[in-house]
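Remarks on the overall topology
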Amino acid sequence: MADDASKSPSQKSSSAANDKFGRATPALSRNLALVAELEELLSIVEPASVANILLQRAFDHGATDIHLDPTTLGTRIRFRVDGVLQDILPIAADKAAILMSRIRVMAGMDITDRRLPRDGAIAAEKFPGLPRDIRVGSSLTVKGERLVLRLMPDSDDLNTLESLGFYDDQFAAVRRLLEAPYGLFLVVGPVGSGKSTTVYSMLNELNRPEKSVVTIEDPVERRIPGANQIQIDNKTGLTFVTALRGTLRQDPDIMAIGEIRDAETAQIACRAATSGVLVMSTLHANNTAGAVDVLRGFGVSSAAVADCLRGVISQRLVRKVCQESRQDIVADDDARRLLRTTSP
């Protein structure tokens, strides 16, 4: 019997393509087809030519990120789909180096210096077949270079507040907070928890002809019709602080800051929130109480926090049950309490 280590990635995954009931799962079936396609391409063409196909297939799979992680034998490729990383394919070190160099060139990154972390961007309009832009980050690990690619969301796809999964009482509370004429409204949570999606949904709700809406972002992920969106560019000196100061002199009603990252941004945002502007932003904090501590850590006084802060949403992503594979169960008392339902 052949040892598992001698099998190809597609052979290793074949046993996992079925669930415990023997049914083929669509996601794993797609992964098997992708593995077979990439293996065939790598055997007949240069790895650099595979880069475009890899990026296109990541979009086709609904991935949000691509990880190219170095190992002792080469590089493994993983897609993050629905918040979970999925192994796609290991690549030998020599082919991985060519593939990663091609991605760096596409992203406009320096391929001669790999010692320091670098950032780049792949513009969709420059490469046929790519539906959206891609952000690229590199770093050097003890096993070699690592690349992480962030596939930007559809710039025209704006979620409604109703689609975000709020309970009725939570939804009513958010709507009340959005009616405030001024103040600071924060959305907090870990990286990848959908904070920006929530902010965009609130902006979409507030975006009316009688309001002046300005966003300051890095990067601008989605386009909001009628809003004035500013792209941060640190190379030219257009930082969050510079953009904030300029925008406050231009009569805004609603301002959205992509993220409060430093003390100066936090202090200007709080001052704006007490001067008649409704300010929305994201913040890295574990919960609503933690958001207050982070603002204090940025040097905002407790009195200023109490004066400007109108509300905080702390959120997490929750995985939904697959519509094709779900099963009926009888919920026990603990599950019913958690789901806020009385029916079994």
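Everything that follows concerns the structure shown earlier in this document.
The following paragraphs examine the structure supplied in this document. (Residues numbered from 1 in each chain as written. Predicted model: local features only at pLDDT ≥ 70, side-chain atom pairs only at ≥ 80, totals over all residues. Heavy atoms only, no water.)

Points about the packing of helix 7 (residues 240–248) against helix 8 (residues 263–273)
The criterion, for reference: Structural elements are reduced to axes, namely lines fitted to C-alpha atoms, with helices fitted over the stretch in contact, and the angle between N-to-C directions of any two is expressed from 0 to 180 degrees. Counting from the N terminus, the helices are DSSP H or I runs at least four residues long and the strands are E runs at least two residues long. In what follows, roughly perpendicular refers to angles from 65 to 115 degrees, roughly parallel to angles under 35, roughly antiparallel to angles over 145, and oblique to any angle outside these ranges. If you view the pair so one helix is near and one far, a crossing is left-handed when the near helix is turned anticlockwise from the far one by less than a right angle, and right-handed when it is turned clockwise. Two residues form a contact once any of their heavy atoms are found within 4.5 Å. Residue polarity is assigned by list, with Asp, Glu, Lys and Arg as charged and Ala, Val, Leu, Ile, Met, Phe, Trp, Tyr, Cys and Pro as nonpolar; anything else, Gly included, falls into the polar class.
At their nearest, the axes of helix 7 and helix 8 sit 9 Å apart, and the two run at 15° to each other. Classified by the interaxial angle, the pair formed by helix 7 and helix 8 is roughly parallel. Of the two elements, helix 7 crosses helix 8, and the hand of that crossing is left-handed. Mapping the contact onto sequence places F240, V241, L244, R245 and L248 in helix 7 and E264, T265, I268 and A272 in helix 8. For the contact of helix 7 with helix 8, a count of residues per class yields six nonpolar, one polar and two charged.

Looking at the sheet that holds strand 7 (residues 183–188)
Our working rule: Pairing between strands requires that DSSP locate at least two bridges from one strand to the other.
Overall, parallel pairing links the six strands, which are arranged 9-8-10-11-7-12 in an open sheet. The open sheet has two edge strands, strand 9 (228–231) and strand 12 (309–314), and neither has a second partner. Ignoring strand direction, the axes of neighbouring strands in this sheet form an average angle of 15°. The pairing of strand 10 (residues 254–257) with strand 11 (residues 278–283) spans four bridges and is parallel.

What to know about the sheet that holds strand 3 (residues 84–92)
The six strands lie next to each other as 3-2-1-6-5-4, forming an open sheet whose pairing is antiparallel. What marks the edges here is a single partner per strand, and that holds for strand 3 and strand 4 (118–122). Direction aside, neighbouring strands of the sheet carry axes that sit 20° apart on average. The sheet contact formed by strand 4 and strand 5 (residues 134–141) spans five bridges and is antiparallel. When the sheet's bridge partners are listed, D119 is paired in strand 5 with G137. Packing of helix 3 (residues 47–60) onto the sheet brings it into contact with strand 1 (65–70), strand 2 (74–81), strand 4, strand 5 and strand 6 (144–151), and relative to strand 2 it is tilted by some 25°.

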